[in-house]
Amino acid sequence: MCEDTDYYKKPVFLTPVKQGPFYALKVGPALLAVCGGLKCNNDFQCLDENGEVIEGLYVLGNIMGDITAVDYPINVAGNSHGRCITFGYLLGHELAEA
Ligand SMILES: Cc1cc2nc3c(=O)[nH]c(=O)nc-3n(C[C@H](O)[C@H](O)[C@H](O)COP(=O)(O)OP(=O)(O)OC[C@H]3O[C@@H](n4cnc5c(N)ncnc54)[C@H](O)[C@@H]3O)c2cc1C
C-alpha cells in the first residue's frame, strides 16, 4: 500500500507511478466564473437588494448572479458561451423591438 508522507493524502486516492517515460506539465490556477454577481429576473433586468427591478439596467453573461455559485459544470460543452450568446440574442431582440 502507498503512503503519502508529504501531504498525507488518503491511500485510496493514491496511484503508483511505476514506469516511465514521465513528462511534467506546469498547471496554474485560473478564474473561470464569477461567484455572486448581479441578480436578475427572467427578463435579464437587474434587481436591487429588495428584489425590485432597476429600470434600464440589464445583465448577461458571467456576471449574472449566482449562476455558478454552487458549481461550474465543466463537462457541459459551451455552458458559458452558449448562455452568453443565447441570452444576448434574446435580450438584443427584445430591446430592439421595445
Ligand atoms: C480559461 C477559460 C476557459 C473557458 N472555456 C470555456 C468553454 O470551453 N466553454 C464555455 O462555454 N465557456 C468557457 N469559458 C467561460 C467563458 O469564456 C466566459 O463565461 C465568457 O467569456 C463570459 O463572457 P462575458 O461577456 O460575460 O464576460 P467577459 O468575456 O469577461 O467580457 C467582459 C468584458 O468587459 C470588459 N470590461 C470589464 N470591466 C470593464 C469596464 N469597467 N469598462 C468597460 N469594459 C469592461 C472586459 O475587458 C471584457 O472584455 C472559459 C473561461 C476561461 C477563463
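About the thresholds
- Residues numbered from 1 in each chain as written.
- Predicted model: local features only at pLDDT ≥ 70, side-chain atom pairs only at ≥ 80, totals over all residues.
- Heavy atoms only, no water.
- UniProt positions renumbered as here; feature names shortened; annotations may be inferred.
- Helix = DSSP H or I, 4+ residues; strand = E, 2+ residues; numbered from the N terminus.
- Near = heavy atom within 4 Å.
- Polar contact = N/O pair within 3.5 Å; in protein donor to acceptor, adjacent residues only side chain to side chain.
- Areas by Shrake-Rupley, 256 points an atom, 1.4 Å probe, with all protein chains shown as cover.
- Expected span 1.5 Å × (residues − 1).
- Contact = heavy atoms within 4.5 Å.
- pLDDT = per-residue confidence, 0-100.
- Buried < 20%, exposed > 50% of the residue type's maximum accessible area, 1.4 Å probe, protein only.

As recorded by an unreviewed UniProt entry, the protein carries the name FAD-dependent oxidoreductase 2 FAD-binding domain-containing protein and is attributed to Adlercreutzia hattorii. The UniProt entry for the protein carries the following text under Cofactor (unreviewed entry): "FAD".

**Q** Which parts of the structure should I look at to understand the UniProt feature "domain: FAD-dependent oxidoreductase 2 FAD-binding" (unreviewed entry) in the protein?
**A** What UniProt calls "domain: FAD-dependent oxidoreductase 2 FAD-binding" (unreviewed entry) maps, in this numbering, to residues 14-65. In the segment residues 14-65, helix accounts for 0% and strand for 17%; the C-alpha atoms at its two ends are 37 Å apart.

**Q** Would you mind going over the site of the ligand with me for this structure?
**A** Lining the immediate environment of the ligand, one finds Leu31, Leu32, Gly61, Asn62, Tyr72, Gly78, Asn79, Ser80, His81 and Cys84. Note that an oxygen atom of the ligand is positioned 2.7 Å from one of the backbone N or O atoms of Asn62. Calculation on the ligand without its partners gives an accessible area of 1000 Å², and the protein chains cover 32% of this total.

**Q** Is there a simple way to think about helix H1 (residues 79-97) in this case?
**A** Structural remark: α-helix, 3.6 residues per turn; residues separated by three or four positions point the same way. In this model, H1 (19 residues) spans 27 Å end to end at C-alpha, consistent with the 27 Å of a helix rising 1.5 Å per residue. Looking at the packing, one finds that the buried side of H1 touches strand S2 (53-58).

**Q** What is the right way to read the confidence of the model for the protein from this model?
**A** For any part of a model where pLDDT is low, the fine detail of the predicted coordinates should not be relied upon. Per-residue confidence for the protein averages 89 on the pLDDT scale, and 100% of its residues sit at or above 70. Highest mean pLDDT in the protein belongs to S2 (97); lowest belongs to H1 (93).

**Q** Explanation requested: the environment of Cys46 in the structure shown.
**A** Along the chain, Cys46 turns up in strand S1 (residues 45-47). Look at Cys46 and you get buried, because its relative accessible area is 1%. Each C-alpha atom, one on Cys46 and one on Asp4, is 49 Å from the other, the two residues being 42 residues apart in sequence. Every residue in contact with Cys46, bar those within four places of it in the chain, is listed here: Leu38, Lys39, Cys40, Glu52, Val53, Ile54, Leu57, Tyr58 and Val59.

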